[in-house]
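Survey of secondary and tertiary structure
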Amino acid sequence: MTIWESSCTEPFLISGLEVPVPVPFVFVSGILCGVVLTLLVGLASRERRELSSYSINKISTNTSSNDFAQNEENHWKQNKFKLELNETSQQKIGNNNSGENTNTATKNDKNMNAAAHDILQAAITLFEKQTRPSMKDSYSSAANNKVVEYLSPEEMLQQLFATDKNISLRLNMNMTNTNTNTNTNTNTNTNTAHQKVEQITECFRLIQKYSVNTNHPFFFNQLFGAVDPVALAAEMIALSVNTSAYTYETAPVFTMIERDVLGYLGRLVFNLDGGGEDHGNSGSSGNDSDTDGLMLPGGSLSNLTALHVARHYAKYGVEARPSHCHRSQSQIRVDGDDDDDDDGDDDDDDDDIHEEKKEQENDQSRNALRPLSNTLHVPTHSQPELVAFVSAEAHYSFIKAISVIGIESHNLIVVPTLHNGQMDVEELESLMINMHDLYGEAKVPFFVGVTAGSTVRGSFDDINAIVRVCRRHEEKMNSSNYPYGYVPNRNLRLSSTSNSIKKHKIWIHVDGAWGGSAIFSARHDIRGLVKGVEKADSFTFNPHKMLGAPQQTTAFVTRHKGLLKAANSSGAKYLFDCRKNGAEYDLGDASYTCGRRTDSIKLWALLKFHGPDGLGRQLEQKVDVLDYLVKKIKEKNNFLLACDPWPFNVNFFFVPEHLGTKMIQSGVDMDSSNPQIGEHLSKELADVSVRLKLVLHQNGEMMIPYQPISNQEADCFRIVLAGYKPFTEGDVDRVLELMEQYGNSL
Ligand SMILES: Cc1ncc(COP(=O)(O)O)c(C=O)c1O
């Protein structure tokens, strides 16, 4: 029994199929989504009521019936979408015109404002149309609409971007611009605005129609998918207030939510009880535990952040860039000369802020950028090079990130994997030990990227084993006879509360962008995948992948409080000024971006509604269904596992009958979960994967990826259950059936 088939499940009729739909889903999509949409509609229409000279008729918002989508489609097809002038408003404008001599420009502005709000209202209807029925479909074992209405690029250009069509997405179309229209006729102006509403709304509809429906149950293409309705609702609320989470001043609630969510996550990941009180101005980027963290725009930038803070830590510790609010510029010294009485507690904060305020009042050039070169330690060339390690299965973002942080790409060492895709830890150790001989240079390991759920295989590195290797190597590096000492500043403290002087340390970052949600499961086979994560230095995971938060939602946490701010603070005075209300809670200076999305609300909503246990159970249900998929692949002659499956990823081949016969004849063990396939047959198999993927895509039946895999020469298929995907065994059967149906007729 799945969590979606639990006792709170109600039968729900979708296109003649009785489909189990859970009460939470009905509750959420029906009530929450409805409430939020009503709010947004209200928001749009409030101003519209004030401004509108016409209203949109005939856009049905009644979604209670299952034929909503069909009605809506017919409605559009028959071109019955009408914008009709609201007589009363029109008259009002007319009266105003004669009575008060309103000039044409003002009338135009009013019409355009009204039109803009009508467009918003139409978009809200389209939003509901797009999300609601497709979310229902994700409960259907036989999806009754397409994953994509596929158009080739040529067809797309012809149908959507042609210049000779009345409606086109191309920008140089003749949408009459009323701003430049000098015609004084009120009706013409109104009609032009009216036409714009129609045109833009139709453009929106086309954009939706020909986009990929990632809410569809058979969208397997990437590591994201159907959106969780509660997280979507949270995103809508965030959009409704459209702010930036850099200062408390602009985002008071989101600042506190982000601190709370990341504090919770930090305690969960690093296994800490409670955590100390943070009064905001302790130098942390801001949460109420002993850890630090930020929401970041994606897993790739999280990996970059991990490398960046690890490099900063290796060179400067946590105190090289004090918080702008803690000290004035004159107090900032080149690292190593830090004030001895800076013990990191907040006793002196009031004085600091007082001093700072006085200084800022006198500072004529406070909007100017401070010269960072005054404050930073500049490494000399005689110092050894920093070296990072990741496995051959690690995400490609590490390759880009290493160059971005200014480390030569050859100093990212790729450690081979075992046959199951895990980092070969013995190899890691031997590479660390022999690095100097191998590369003939002074190099110092400073970072190991651990993969918790690799993109293709879904493999999890053994965190505990990697920690042991790193600790052993640190001991060597910190012994007196280690020849490649990288100690930029012996007096620098490791953390604001620690008295220990700086030593070599290898930063361990767990990239759980894909599989990190395993921390929420209580089940041994799932939580055990990230055993040892509590010993890591940093951890990231993407709720927008496994858990169905809207793109992008990424959390990054580190056990080193204050480090994000130390590494990123630039103290831009026009924005981060401790005299502003609540400035001690500002998050933005700990980030290397300026504007910041309010992403924390999505993770907060997931945790608040489902709870960690509920999220864990979703994962467990997915793992069980994927187990069933593995079983079916093993049973069926047409399918073959490409490698031993991990809980979240199944890699396999479709083998048409004629090819299967050839493979058996040439001695391929078709029962193996790690089959050895010769070069020639691999080519044929890869060709099948490519052609089958394309035909499924073009027919809009399914979007499934193929990709190379380390133990095979042929590209294979991958199925993952990303997103809010209440998949059933019936859905698995349907997927395999479809693949057989199309695959056998290739
Ligand atoms: C293991 C892993 N790390 C990092 C990333 C990058 O995440 P994002 O796409 O959010 O940048 C991915 C993306 O698939 C991934 O699978």
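Above this text is the structure in question.
Attention in this report is confined to the structure presented alongside it. Keep in mind the model is a prediction, meaning the values are calculated, not measured.

**What about the overall build of the protein?**
Counting secondary structure elements, the protein contains 19 helices and 15 strands. Per-residue burial for the protein yields a buried fraction of 55% across its 746 residues. Partitioning the contacts of the protein with sequence separation of at least 6, the portion at a separation of at least 24 is 75%. Surface accessibility of the protein: about 32100 Å² in total, with carbon and sulfur atoms responsible for 49%.

**Digging into helix α19 (residues 729-743)**
Here α19 is 15 residues long and its end C-alpha atoms lie 21 Å apart, about the 21 Å a rise of 1.5 Å per residue gives. For α19, the complete set of buried residues consists of Asp-731, Val-732, Val-735, Leu-736, Leu-738, Met-739, Glu-740, Tyr-742 and Gly-743. Looking at the buried side of α19, the elements it contacts are α16 (600-635), β12 (639-641), β13 (649-654), α18 (679-698) and β15 (712-720).

**Overview of the site of the ligand**
If you check the shell around the ligand, you find 14 residues, and the closest are Gly-299, Ser-300, Thr-455, Asp-511 and Asn-542. In this structure, an oxygen atom belonging to the ligand sits 2.7 Å away from a main-chain N or O atom of Gly-299. At 2.7 Å, a side-chain N or O of Ser-300 approaches an oxygen atom of the ligand. About the coverage of the ligand: the protein hides 88% of its 390 Å² of free accessible area. When residues in the shell around the ligand are grouped by element, the largest group, three residues, is from helix α9 (residues 299-316).

**Brief notes about the sheet that holds β12**
Pairing is antiparallel in the open sheet, where four strands are placed in the order β12-β13-β15-β14. The sheet terminates laterally at β12 and β14 (706-709), the two strands that pair on one side only. Each adjacent strand pair in this sheet contributes to an overall mean axis angle of 50°, direction not counted. Pairing of β12 with β13, which is carried by three bridges, proceeds in the antiparallel orientation. Paired with Leu-640 across the bridge in β13 is Phe-653. Of the strands in this sheet, β12, β13 and β15 touch α16, which is tilted by about 25° from β13. Sitting on the sheet, α19 touches β12, β13 and β15, and the angle it makes with β13 is about 25°.

**With respect to the packing of helix α7 (residues 229-241) against α16**
Relative to each other, α7 and α16 sit at 140°, their axes nearing to 8 Å. Considering the angle they form, α7 stands oblique to α16. The handedness of the crossing between α7 and α16 is right-handed. Across the interface between the two elements, Val-230, Ala-231, Ala-234, Glu-235, Ile-237 and Ala-238 of α7 pack against Ile-601, Lys-602, Ala-605, Leu-606 and Phe-609 of α16.

**Observations regarding the sheet that holds strand β7 (residues 412-415)**
In a beta sheet, neighbouring strands pair by backbone hydrogen bonds and run either parallel or antiparallel. Reading across from one edge, β5-β11-β10-β9-β8-β6-β7 is the order of the seven strands in this open sheet, with mixed pairing throughout. On the outer flanks of this sheet lie β5 (292-296) and β7, each paired with one strand and no other. Neighbour-to-neighbour, the strand axes of this sheet turn through a mean angle of 20°, independent of strand direction. With six bridges connecting them, strand β6 (residues 385-391) and strand β8 (residues 443-451) associate as parallel partners. The residue bridging Val-387 from the neighbouring strand is Pro-445, located in β8. In the packing of helix α13 (residues 463-478) onto the sheet, contacts are made with β8 and β9 (507-512), and the angle to β8 comes to roughly 170°.

**Things to note about the environment of Asp-671**
Inspection of the secondary structure puts Asp-671 in the loop between α17 (657-665) and α18. Separated by 34 residues in the primary sequence, Asp-671 and Asn-637 have C-alpha atoms spaced 9.4 Å apart.

**Side note on the state of the cysteines**
Where two cysteines share a covalent bond between their sulfur atoms, that bond is called a disulfide. Going through the model one piece at a time under the given rule, you end up with zero disulfides. Cys-643 forms no disulfide, and the closest cysteine sulfur to it belongs to Cys-716, at a distance of 6.4 Å.

**Section: the side chain of Thr-554**
By the secondary structure assignment, Thr-554 is in strand β11 (residues 554-558). In terms of polar contacts, Thr-554 uses its side chain to reach the side chain of Asn-542, at 2.7 Å. Once you skip the residues sitting within four places of it in the chain, Thr-554 turns out to touch Leu-294, Met-295, Leu-296, Gly-298, Gly-299, Ser-302, Thr-540, Phe-541, Asn-542, Pro-543 and His-544.

**Some details on helix α11 (residues 397-404)**
All of the buried residues along α11 are Ser-397, Phe-398, Ala-401 and Ile-402. In a view along the axis of α11, the buried residues occupy a sector of 130°, so they form one face of it. Residues of α11 that are exposed and point more than 90 degrees away from the buried face comprise Ile-399, Lys-400 and Val-404. In this structure, the buried side of α11 is in contact with α9, β6, β7, β8 and β9. Looking one or two places after α11, you find Gly-406, whose phi comes out positive at around 90°.

**Here's the deal with the packing of aromatic side chains**
The full count for this structure, using the stated rule, is 16 aromatic pairs. Pairing Phe-520 with Phe-541 gives two aromatic rings, centres 5.7 Å apart and planes at 65°, and the pair type is edge-to-face. Taken as a pair, Phe-520 in the loop between β9 and α14 (524-527) and Phe-541 in strand β10 (residues 538-541) lie far apart in primary sequence, 21 residues in all. Comparing Phe-520 with Phe-541 shows no difference in burial state: the two are buried. Of the aromatic side chains, those joined through ring pairs into one cluster are Phe-460, Trp-514, Trp-646 and Phe-648.

**Describing the side chain of Arg-596**
With respect to the helices and strands, Arg-596 occurs in the loop between α15 (563-568) and α16. Beyond its immediate stretch of four places on either side in the chain, Arg-596 contacts Thr-243, Ser-244, Ala-245, Tyr-246, Glu-258, Leu-294, Met-295, Leu-587, Gly-588 and Ser-591.

**Considering the pattern of salt bridges**
Applying the stated criterion across every chain, the model contains 21 salt bridges. Linking Lys-505 and Asp-537 is a salt bridge whose minimum nitrogen-to-oxygen distance equals 3.0 Å. Note that Lys-505 is positioned in the loop between α13 and β9 and Asp-537 in the loop between α14 and β10, a separation of 32 residues in sequence. Side by side, Lys-505 and Asp-537 carry an identical accessibility label, which is buried. Between Glu-635 and Lys-632 there is a salt bridge; the shortest N-O distance is 3.3 Å. With a gap of three residues between them, Glu-635 and Lys-632 both fall in helix α16, about one helical turn apart. Salt bridges linked by common partners bring Glu-235, Arg-597, Asp-599 and Lys-602 together as one network.

Cut-offs used in this document
Residues numbered from 1 in each chain as written. Predicted model: local features only at pLDDT ≥ 70, side-chain atom pairs only at ≥ 80, totals over all residues. Heavy atoms only, no water. Helix = DSSP H or I, 4+ residues; strand = E, 2+ residues; numbered from the N terminus. Buried < 20%, exposed > 50% of the residue type's maximum accessible area, 1.4 Å probe, protein only. Contact = heavy atoms within 4.5 Å. Areas by Shrake-Rupley, 256 points an atom, 1.4 Å probe, with all protein chains shown as cover. Expected span 1.5 Å × (residues − 1). Near = heavy atom within 4 Å. Polar contact = N/O pair within 3.5 Å; in protein donor to acceptor, adjacent residues only side chain to side chain. Pairing = 2+ DSSP bridges. Axes fitted to C-alpha atoms, helices over the stretch in contact; angles between N-to-C directions. Parallel < 35°, antiparallel > 145°, perpendicular 65-115°, else oblique. Left-handed = near helix turned anticlockwise from the far one by under 90°. Disulfide = S-S within 2.5 Å. Arc of directions from axis to C-beta. Phe/Tyr/Trp six-rings, centres within 6.5 Å; stacked < 30°, edge-to-face > 60°. Salt bridge = Lys/Arg side-chain N within 4 Å of Asp/Glu carboxyl O.

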